[in-house]
Structure formats: structure tokens, C-alpha cells
Amino acid sequence: MRIILLGPPGAGKGTQARRLADRYGLVIIGTGDIFRDHVARGTDLGRKAKEYMDRGEYVPDEIAVRMVLERLEQPDLGDGYILDGFPRTVPQAKALEGALAAAGHPLSCALNFRISDEMAVKRLTSRLTCPDCKRAYNLSFKPPRVEGVCDVCGGRLALRSDDDEATIRRRLEVYRAETEPLELYFWERGLLRDIDAEAAEEVVYGRMIEAMSDLLDLDA
Ligand SMILES: [Zn+2]
């Protein structure tokens, strides 16, 4: 199975992807990790990508696509993969789809976790972390058992400082502008699977499985 992951910050797609991957033997491929790996190994692609990343710019499509396709040729991908953070643009999606189709391994679907900006802001502004053991909590849907105290180590929980509302709204705006053309692109190809992610983790998980029921071996 070859899956693309779409959804704004706060949609919970990372958690859902992890559960799907664990149950069905898929590998989660984060494009940030691929880029960092190339940079760390000092490959040609990594050196080129680093010039853009150092300037705070996006890595150009051509370089990003080559790094991702190279990763997808590695033999460790088991029963498939979930791509997180790629493609970000329609040209990237076209390049990826073309290369996968040519290799005889077309995409299975693009999972699209949908959530309103209001819900995303609510979730992201209520994220807490334990400064001692780094465990994450959320006042909206995963609160600690005792207010302000880590369940695991008893540490004093703190709000995540990078999560102020103005910053979050800007990230959401960027996400929408970037992703709406991609949603259309995958929808036109019959690959888009919308999942209403405005519910508790367990409910969203059920919706995801249902949205993919024609692709999954549900007895697995
Ligand atoms: Zn803790």
C-alpha cells in the first residue's frame, strides 16, 4: 500500500498514521527526515538542498522529488509506506505519480484529514508537554489525570511556547494555500479519501479504516 498523508497541523494525522502503520506493516516516511539524512551524508542532493534550507527556502521540486524517489527504492518498505510531508505541490505530485506508475507501483490513496481552523487552533493552543520526560498532553482531548501534572513522572506541565494563536493561524493559512490544489489533484484521480478528523482519536481511527475499507485486509 502506498499512501499520501494530507491534513493541517492539529488534525492528528501523525497519530493516526502511526496506528495504521503499526497495524498494517507500513513504513512512515517523513520528508524532513529524508532531507536531513542527505544533508548529514553530504550527498550531492543534500548539499544542494542545504543551500535552500539555510536560506529558509523550500527545497526546489526537482531536488525534493529525486530524494523522495530514491528513498522509495530502498528495500526496507515492507508492505508499503505512508508519505508524510510530500508532495507539497502539484508538480511534485505529478512527478511522484508518474514515477510510481512507471515502476508499476501506483499510489493507493491520499488520506485527507479534515478539520476546521477553529478546531485546529483550539487543539494546538492547548498542547502541554512535560519538561522532564517530554510526554505530550492536550487539554482538549488528551488531558493529564491530575491537572498540570505529568501522569508518568509527576513533572509540572507547561504550555508549548511556539503555539501562540497568531503563529498557528499563519501556519494554517500557508497549509490551505499549499494544499487545496493538491486535494483537487488527487480528487480528480479518484485517490482522495476525506476523513472528518473533528472527533476523538478512536473515532477518527474508525473513520480512517472505513474510508480505506476497499484497500485494507480488515482481518489483518
Ligand atoms: Zn513527565
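Treat the numbers as computed from the prediction; the structure is a model and nothing was measured. (Residues numbered from 1 in each chain as written. Predicted model: local features only at pLDDT ≥ 70, side-chain atom pairs only at ≥ 80, totals over all residues. Heavy atoms only, no water.)

Next up on the list: the side chain of S108. Inspection of the secondary structure puts S108 in the loop between α5 (90-102) and β4 (109-114). Discounting residues that sit within four places of it in the chain, S108 has contacts with M1, R2, L191 and L215. (Helix = DSSP H or I, 4+ residues; strand = E, 2+ residues; numbered from the N terminus. Contact = heavy atoms within 4.5 Å.)

In a beta sheet, neighbouring strands pair by backbone hydrogen bonds and run either parallel or antiparallel. Taken in spatial order, the 3 strands line up as β6-β5-β7 in an open sheet, and their pairing is antiparallel. The open sheet has two edge strands, β6 (136-138) and β7 (158-159), and neither has a second partner. Summarising the sheet, strand β5 (residues 127-129) and β7 pair through 2 bridges and their orientation is antiparallel. Across the sheet, the residue bridging to L128 is L159, located in β7. (Pairing = 2+ DSSP bridges.)

Below, the discussion takes up the coordination of the zinc ion. In this structure, C130 (SG), C133 (SG), C150 (SG) and C153 (SG) serve as the protein donors to the zinc ion, at separations of 2.3 to 2.4 Å. Classification of the site at the zinc ion rests on its 4 donor atoms, whose angles at the metal span 101 to 118 degrees, yielding the label tetrahedral. Spacing between the donor residues of the zinc ion along their common chain follows C-x2-C-x16-C-x2-C. On the criterion of sequence distance, the pair formed by C130 in the loop between β5 and β6 and C153 in the loop between β6 and β7 is long-range, its members being 23 residues apart. (Donors = N, O, S within 2.8 Å, 3.2 Å for Na, K, Ca; no water. Tetrahedral: all angles 85-135°; square planar, octahedral: opposite > 155°, others 65-115°.)

Running from N to C, helix α2 (residues 31-41) and helix α3 (residues 44-54) point in directions that differ by 115 degrees, and their axes come no closer than 7 Å. Here α3 runs roughly perpendicular to α2, going by the angle between their axes. In the packing of α2 onto α3, the handedness of the crossing is left-handed. Here F35, H38 and V39 of α2 come into contact with α3, specifically with L45, G46, K50 and M53. (Axes fitted to C-alpha atoms, helices over the stretch in contact; angles between N-to-C directions. Parallel < 35°, antiparallel > 145°, perpendicular 65-115°, else oblique. Left-handed = near helix turned anticlockwise from the far one by under 90°.)

What follows deals with the pairing of β4. A large share of β4 lies buried, amounting to 5 of its 6 residues. Here 4 bridges tie strand β1 (residues 2-6) to β4, and the two strands are oriented parallel to one another. Counted as the bridge partner of I4 is A110 from β4. Here β4 runs beside strand β8 (residues 192-196); their pairing, made up of 5 bridges, is parallel. Bridging across to β8, F113 finds its partner in I195. (Buried < 20%, exposed > 50% of the residue type's maximum accessible area, 1.4 Å probe, protein only.)

Okay, the packing of aromatic side chains next. The full count for this structure, using the stated rule, is 1 aromatic pair. Ring geometry for Y185 against F186: centres 5.4 Å apart, planes inclined by 80 degrees, an arrangement best described as edge-to-face. On the basis of relative accessibility, which here comes to 6%, the residue Y185 falls in the buried class. Cation over ring: R55 sits above Y52, and NZ or CZ is 5.0 Å from the ring centre. (Phe/Tyr/Trp six-rings, centres within 6.5 Å; stacked < 30°, edge-to-face > 60°. Lys NZ or Arg CZ within 6 Å of the ring centre and 35° of its normal.)

Interpreting fine coordinate detail is not advised for predicted regions of low pLDDT. Overall, the prediction assigns the protein chain a mean pLDDT of 90, with 98% of residues at 70 or greater. β8 holds the highest mean pLDDT among the elements of the protein chain, 97, whereas β7 holds the lowest, 86. (pLDDT = per-residue confidence, 0-100.)

Attention shifts here to the pattern of salt bridges. Per the stated rule, a full pass over the model turns up 22 salt bridges. The salt bridge partner of R41 is D37, with a shortest N-O separation of 3.1 Å. Of the two residues, R41 and D37 both sit in helix α2, 4 residues apart, roughly one turn of that helix. D37 sits in the partly exposed class, given a relative accessible area of 37%. In this structure, the salt-bridge partner of E178 is R88, at a minimum N-O distance of 3.3 Å. Of this pair, E178 sits in helix α7 (residues 165-188) while R88 sits in the loop between β3 (81-84) and α5, and the two are 90 residues apart along the sequence. When its relative accessible area of 18% is taken as the criterion, E178 is described as buried. Within the structure, one salt-bridge network assembled from shared partners comprises R19, E201 and E202. (Salt bridge = Lys/Arg side-chain N within 4 Å of Asp/Glu carboxyl O.)

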